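Descriptive analysis of the structure
Single-letter residue listing:
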Amino acid sequence: MVLQFSSMPAADDSIFAITRPHPNLMTYYVIISLATLPAFPIVMLVNYFRYHTMRFRFDQEGISMSWGILFRHQTVLNYARIQDVHLRSNLIERWLGLARIDIQTASGSSSAEVTLEGLLQFEAVRDFLYSRMRGATRKHETAHADPLADTLREISAELKAIRQNIEERGRV
Amino acid sequence: MFELLRDPLLRFLRVPPSPDPPAGSADSTQVFRAARNFYIWSVIIWLVAQTGIALGVSALIVPAAIGLSRNTRMPDLARFAIMAAGIVIVSIYLLQLLVTFFALRLGYEMRWYIVTDRSLRIRAGVWSVEELTMTFANIQQITVKQGPLQRVLGIADVKVVSAGGAGGGGGHGKHGPGHNDGHAGNFEGVDNANIIRDLILDRLRRYKDSGLGDPDHHDDTPPSLSAAQEVLQETRLLRAATSRS
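For the structure given in this document, a descriptive report is provided here. (Residues numbered from 1 in each chain as written. Chains lettered and ligands numbered in written order. Predicted model: local features only at pLDDT ≥ 70, side-chain atom pairs only at ≥ 80, totals over all residues. Heavy atoms only, no water.)

1. Concerning the sheet that holds strand E2 (residues 62-67) of chain A
All names here are of chain A. Heads up, the rule is: Two strands pair if DSSP finds at least two bridges between them. A helix here means a DSSP run of H or I that spans at least four residues, while a strand means a run of E at least two residues long, and both kinds are numbered starting from the N terminus. Note on geometry: axes are C-alpha line fits, over the in-contact stretch for helices, and angles between N-to-C directions span 0 to 180 degrees.
In space, the 3 strands of this open sheet follow the order E1-E2-E3, with antiparallel pairing throughout. At either margin of the open sheet sits one strand with a lone partner, and together these are strand E1 (55-58) and strand E3 (73-78). Across the sheet, the mean angle separating the axes of adjacent strands is 10° when strand polarity is ignored. Bridge count between E2 and E3: 6 bridges; the pairing is antiparallel. For Ser66, the partnering residue across the bridge sits in E3 and is Gln74.

Take a look at the structure:
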């Protein structure tokens, strides 16, 4: 039983150092803008500024992401409030070594609250986020470490089995 | 033929290899896969859809062919253009038949449902690869769904939902690769739905504060006491059961 995340400082530091998407994201934006054929100039312009203004910030408590030149967006969220982490990638993104990390909180929308784009080290970031989510560490799940509690749980499981036997017999 | 093409295809599509289990104690990791019958189920759905497309294509081709054979005074160029268009449509149809079938087959194989003692990870998809990681501390409810055809084949979908709106996610893209919408993970096409459900429920039971809340707030009740309370509860139920029978 080896627990991996005794938060390795070196690995965390490399995550904290991320502030900008990888240039491959720009390549990806060019490709998907080309796919919109007639709308290419407009879509390309939007994506160009999106790429150049995109900033990430990972710190001890949470993560923030911002982009936009005319309409500016910034989203800040706490690691502990993350509900689930999705990793998505289409074929073009995989060819470029990219994936999107969709981070969901418990807000009312089904779309992701933050989508981290253009990260080559998406798996490391996913593991980093995961290690800081609620319930990822053993902090509040001590049942395993306590042999007495384990024995008591086994007793209740046995009792439950007895009860089910009785109920079964009562039905026949 | 499929066996031969699988590896080059996976390399071309850059499908990552089987996913790593999310961190947790190593001995608790359980990997579930879609059942064999899920493949059969997907093929049936695919056949129904393809029959529809075939009907549509023939509704286009057949009248054109009849018109072509009746109208003998049509100029050669027009005749040639209509025939070429027909050939293109039919070959596109045949090509998509092959591609969608391969995608379906790979989609069935590239599917992993991993459960550890603290979290679950679902990987699915070939064109668009999706992976979802969720901790049990965040799970709100579990639903098991089974349609009539699925019941005949003995498979079901287990859906694990976390908090937040999943705006109309249930219906659309039902058959697409990995339809993990916003706040839900889907164990699609498993033949041991009840085992998976009970396993997840068992894991959930350890989190008294499951759902929303502040991060890891501390419960003062020692684990042995809460376990003893469970024994008490179970004993009461047992007594109730004995007095009934």
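2. Brief notes about unusual backbone geometry
Across the chain, the bulk of peptide bonds are trans and the bulk of non-glycine residues have phi less than zero. Short version of the rule: Here the term buried applies to any residue with accessible area under 20% of the maximum for its type, exposed to any over 50%, and partly exposed to those in between, with areas from a 1.4 Å probe on protein chains only.
The phi dihedral of Leu37(A) is positive, around 35°, even though this residue is not glycine. One can find Leu37(A) in the loop between helix H2 (24-34) and helix H3 (40-53). The class of Leu37(A) is exposed, set by a relative accessible area of 65%. Positive phi, normally seen in glycine, also occurs at Arg14(B), with a value near 55°. Among the secondary structure elements, Arg14(B) is positioned in the loop between helix H1 (2-12) and strand E1 (30-32).

3. Notes on the nonpolar core
Quick note on the threshold: Only buried Ala, Val, Leu, Ile, Met, Phe, Trp, Tyr and Cys residues count toward a nonpolar core, and they belong to the same one when joined by side-chain atoms within 4.5 Å. We call two residues contacting when some pair of their heavy atoms lies within 4.5 Å.
Within the largest apolar cluster, 34 residues are counted, with the highest numbers of intra-cluster contacts made by Phe58(A), Ile101(A), Ile103(A), Leu116(A), Val125(A) and Leu129(A). Among the elements of the structure, H2, H3, E1, E2, strand E4 (84-89), strand E5 (100-104), strand E6 (114-116) and helix H5 (122-132) of chain A are those that each provide at least two residues to this core. It is H5(A) that contributes the most residues to this core, 5 residues altogether. If near-sequence neighbours (up to four positions away) are discounted, Ile101(A) is found in contact with Val85(A), His86(A), Leu87(A), Val114(A), Thr115(A), Leu116(A), Leu119(A), Phe122(A), Val125(A) and Leu129(A). Counting residues in each nonpolar core, the second largest holds 33 residues, with Phe32(B), Phe136(B), Ile139(B) and Ala156(B) among its members.

4. Some details on the sheet that holds strand E6 (residues 156-162) of chain B
Residue and element names in this part refer to chain B. Pairing is antiparallel across the open sheet formed by 3 strands, whose spatial order is E5-E6-E7. For this open sheet the edge positions go to strand E5 (139-145) and strand E7 (184-190), each flanked by a neighbour on one side alone. Across the sheet, the axes of successive neighbouring strands diverge by a mean angle of 15°, strand direction being ignored. Where E5 meets E6, 6 bridges bridge the pair, whose relative direction is antiparallel. Along E6, the bridge assignment pairs Ile142 with Val160. Lying on the sheet, helix H5 (residues 193-204) is in contact with E5, E6 and E7; it crosses E5 at an angle near 170°.

5. Some words on the pattern of salt bridges
For clarity, the cut-off: Salt bridge criterion: a side-chain nitrogen from Lys or Arg within 4 Å of a carboxyl oxygen from Asp or Glu.
A complete count under the given rule lists 18 salt bridges over all chains for this structure. Close ionic contact of Glu130(B) with Arg88(A) constitutes a salt bridge, the shortest N to O distance being 3.1 Å. Taken as a pair, Glu130(B) in strand E4 (residues 129-135) and Arg88(A) in strand E4 lie in two separate chains rather than in one. Taking the relative accessible area as the measure of exposure, Glu130(B) reaches 10% and is therefore buried.

6. Considerations on the packing of H2(A) against H3(A)
Residue and element names in this part refer to chain A. In plain terms, the rule: The labels follow the angle: roughly parallel below 35 degrees, roughly antiparallel above 145, roughly perpendicular from 65 to 115, and oblique for the rest. Rotating anticlockwise by less than a right angle from the far helix to the near helix defines a left-handed crossing, while the corresponding clockwise rotation defines a right-handed one. Here the nonpolar group is Ala, Val, Leu, Ile, Met, Phe, Trp, Tyr, Cys and Pro; Asp, Glu, Lys and Arg are the charged ones; every other residue, Gly included, is treated as polar.
Taken N-terminus to C-terminus, the directions of H2 and H3 make an angle of 165°; their axes are 9 Å apart at the nearest point. Relative to H3, the element H2 lies roughly antiparallel. In this structure, H2 meets H3 at a crossing whose hand is right-handed. For the pair H2 and H3, contact is made by Leu25, Met26, Tyr29, Val30, Ile32, Ser33 and Leu34 and by Phe40, Val43, Met44, Asn47, Tyr48, Arg50 and Tyr51, respectively. Across the contact of H2 with H3, the residue classes tally to 11 nonpolar, 2 polar and 1 charged.

7. Observations regarding the side chain of Ser162(B)
The condition that has to hold: Polar contacts, as counted here, are pairs of nitrogen or oxygen atoms within 3.5 Å of one another; within protein the pair requires one atom able to donate a hydrogen and one able to accept it, and residues that are adjacent in sequence qualify only if both atoms are side-chain atoms.
With respect to the element layout, Ser162(B) can be found in strand E6. Of the polar contacts made by the side chain of Ser162(B), one reaches the side chain of Gln83(A); its length is 3.5 Å. Residues in contact with Ser162(B), not counting those within four places in the same chain, are Gln83(A), Asp84(A), Met134(B), Asn138(B), Ile139(B), Gln140(B) and His183(B).

8. Some remarks on helix H3 (residues 76-109) of chain B
For the α-helix, the turn length of 3.6 residues means that residues three or four positions removed from each other point alike. Residue and element names in this part refer to chain B. Applied cut-off: By this rule the span expected of a helix is its residue count minus one, scaled by 1.5 Å.
End to end, H3 covers 50 Å across 34 residues, agreeing with the expected 50 Å (1.5 Å per residue, within 8%). Within the sequence span of H3, burial applies to Gly86, Tyr93, Phe102, Ala103, Leu104, Arg105, Leu106, Gly107, Tyr108 and Glu109. The inward-facing, buried residues of H3 contact H1, helix H2 (36-70) and strand E2 (111-115).

9. Thoughts on the packing of aromatic side chains
What counts is decided by this rule: Pairing of aromatic side chains here covers Phe, Tyr and the six-membered ring of Trp, requires ring centres within 6.5 Å, and sorts the geometry by plane angle: under 30 degrees stacked, over 60 edge-to-face, intermediate tilted.
Going through the model one piece at a time under the given rule, you end up with 11 aromatic pairs over all chains. With centroids separated by 6.5 Å and ring planes inclined at 40°, the aromatic side chains of Phe38(B) and Tyr108(B) adopt a geometry described as tilted. Taken together, the residues Phe38(B) in helix H2 and Tyr108(B) in helix H3 connect sequence positions 70 residues apart. Looking at Tyr108(B), the relative accessible area reads 13%, which means it is buried. One aromatic cluster is present, built from ring pairs that chain together Phe16(A), Phe58(A), Tyr79(A) and Phe128(A).

10. A short note on the pairing of E2(B)
Residues and elements named next belong to chain B. Counting buried positions along E2 yields 5 of 5 residues, so the element is predominantly enclosed. Of the two faces of E2, the one lined by Arg111, Tyr113 and Val115 and the one lined by Trp112 and Ile114 are each fully buried. Where E1 meets E2, 3 bridges bridge the pair, whose relative direction is antiparallel. In the sheet register, Phe32 faces E2, and the bridge partner there is Tyr113. Strand direction decides the pairing type here: E2 and strand E3 (residues 119-124), joined by 5 bridges, are antiparallel. When the sheet's bridge partners are listed, Tyr113 is paired in E3 with Ile122. Counting the residues in the hairpin turn of E2 and E3 gives 3 residues.

11. Points about the pairing of E4(B)
Most of E4(B) sits inside the fold, with 7 of its 7 residues counted as buried. Taking every second residue as pointing to the same face, both faces of E4(B) are buried, with Val129(B), Glu131(B), Thr133(B) and Thr135(B) on one and Glu130(B), Leu132(B) and Met134(B) on the other. In terms of strand pairing, E4(A) meets E4(B) through 6 bridges, oriented antiparallel. When the bridges of E4(B) are listed, Leu87(A) appears paired with Glu131(B). Sheet topology note: the E3(B)/E4(B) ladder contains 6 bridges and is antiparallel. Pairing of Ser119(B) across the sheet is with Thr135(B), part of E4(B). What sits between the antiparallel neighbours E3(B) and E4(B) is a turn of 4 residues, in which Gly125(B) has the positive phi angle 105°.

All quantities given are derived from atomic positions and should not be read as evidence of function.
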